[in-house]
Amino acid sequence: YVYSFLVKRSSSSSSSHPVTPIKHNFALIGPPGSGKGTYGKLLSSRLTKLFSDKNNSVVVPLITCSDILKEHVVNQTNIGIEIQDCKKHGRLANDELVGRAVLTHLIDHHNYDENKEDGNQIENMTSSSLPVGYILDGFPRTVPQAKMMDYNKTSSWPSSLAITYAISIDVPDKICIDKIRGRRVCTLCHHSFNVTKVDYDGYYMPPTLPSSSCDEHPDCDRDTNWICRHDDVDEDIVARRIEDFHKETKDVVEYYESRGRVIHFVPYRGVDDMDLLENLVLEKLGLL
């Protein structure tokens, strides 16, 4: 239904061009422990299904900034070598370097042809195997990064890869801290779980557990095989990570807010509120 709606709207606006779904890109913003990665994966799956039909297989991928940086380092690209040099000298990669890494990845994976005219950028992604739009996790984290991703006459960022909306996952710090402390990873199957149950202040988020001790290893014992990361149990580290998030991203949310490009999502029921998030996204895009 959504794909058909987009085709009709695209056809009426420009009948001389090939008909393709309208492209939208999203940035996920949320503190550690907010469930940002989980909501991103679920939203990616839902939008992929919504924007596809039997004739058009569309992928709306979840792209993680940290994975992009790791990929550059592993492949020893010029960008990866610069990132390694920063780590070697105890420096954080600056906005420009991270921005180049993200843009290079998006161009490579979205088949963007920079030689084409701006009005034809979407036309270059007609193959059913190519992603149409993306969800980005972990970038932008600063206002300069957000401005970098906005397409304008002086920007090198392609309009087809610009962020349409930021999705702010609004979860109180106390809940984030409790959820971080409940994170567990199985040493056998490497799946992630969360043993924390949140049931206060109007929020209800049950633990995310496998149906049995471990989906892939029946002999797994949660008391011996499930571990947590060191920085998830260190209260000072957890508090500093959340504090750093607020310092870095408060202005980013305000930046998108001032432009009417923020979707606020308050997951009172955790993943059971995914219908709400999906509807908020579609409503913002004018599809509801």
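Everything here concerns the structure above.
Undergrad: Pulling in residues and values, what's your account of the sheet that holds strand 5 (residues 183–186)?
TA: Ordered in space as 6-5-9, the three strands form an open sheet in which the pairing is antiparallel. The open sheet terminates on both sides in strands that have one partner only, identified here as strand 6 (192–194) and strand 9 (226–227). The pairing of strand 5 with strand 9 spans two bridges and is antiparallel. Residue Val185 lies in a different strand from strand 9, and its bridge partner there is Ile227.

Undergrad: I'd like a description of the pairing of strand 5, backed by residues and values.
TA: Pairing analysis gives three bridges linking strand 5 to strand 6, with the strands arranged antiparallel. From the neighbouring strand, Val185 faces strand 6, where its bridge partner is Ser192. Here strand 5 hands over to strand 6 after five residues, with His190 in that stretch at a positive phi of 65°.

Undergrad: Please set out the side chain of His72 residue by residue, giving values where relevant.
TA: By secondary structure assignment, the location of His72 is in helix 3 (residues 65–74). What makes His72 buried here is its relative accessible area of 7%. The contact partners of His72, leaving out residues within four places of it in the chain, are Thr77, Ile79, Gly80, Ile83, Ala101 and Thr104.

Undergrad: Can you explain the pairing of strand 3 (residues 134–137)? Please cite residues and give values.
TA: Residues Tyr134 and Leu136 line one face of strand 3 and the alternating positions Ile135 and Asp137 line the opposite face, and both faces are buried. Sheet topology note: the strand 1 (residues 25–29)/strand 3 ladder contains four bridges and is parallel. Opposite Leu28, over in strand 3, you have Asp137 as the bridge partner. Of the pairings in the sheet, the one linking strand 2 (residues 62–64) to strand 3 comprises three bridges and is parallel in character. Paired with Ile63 across the bridge in strand 3 is Leu136.

Cut-off values and rules
- Residues numbered from 1 in each chain as written.
- Predicted model: local features only at pLDDT ≥ 70, side-chain atom pairs only at ≥ 80, totals over all residues.
- Heavy atoms only, no water.
- Pairing = 2+ DSSP bridges.
- Helix = DSSP H or I, 4+ residues; strand = E, 2+ residues; numbered from the N terminus.
- Buried < 20%, exposed > 50% of the residue type's maximum accessible area, 1.4 Å probe, protein only.
- Contact = heavy atoms within 4.5 Å.

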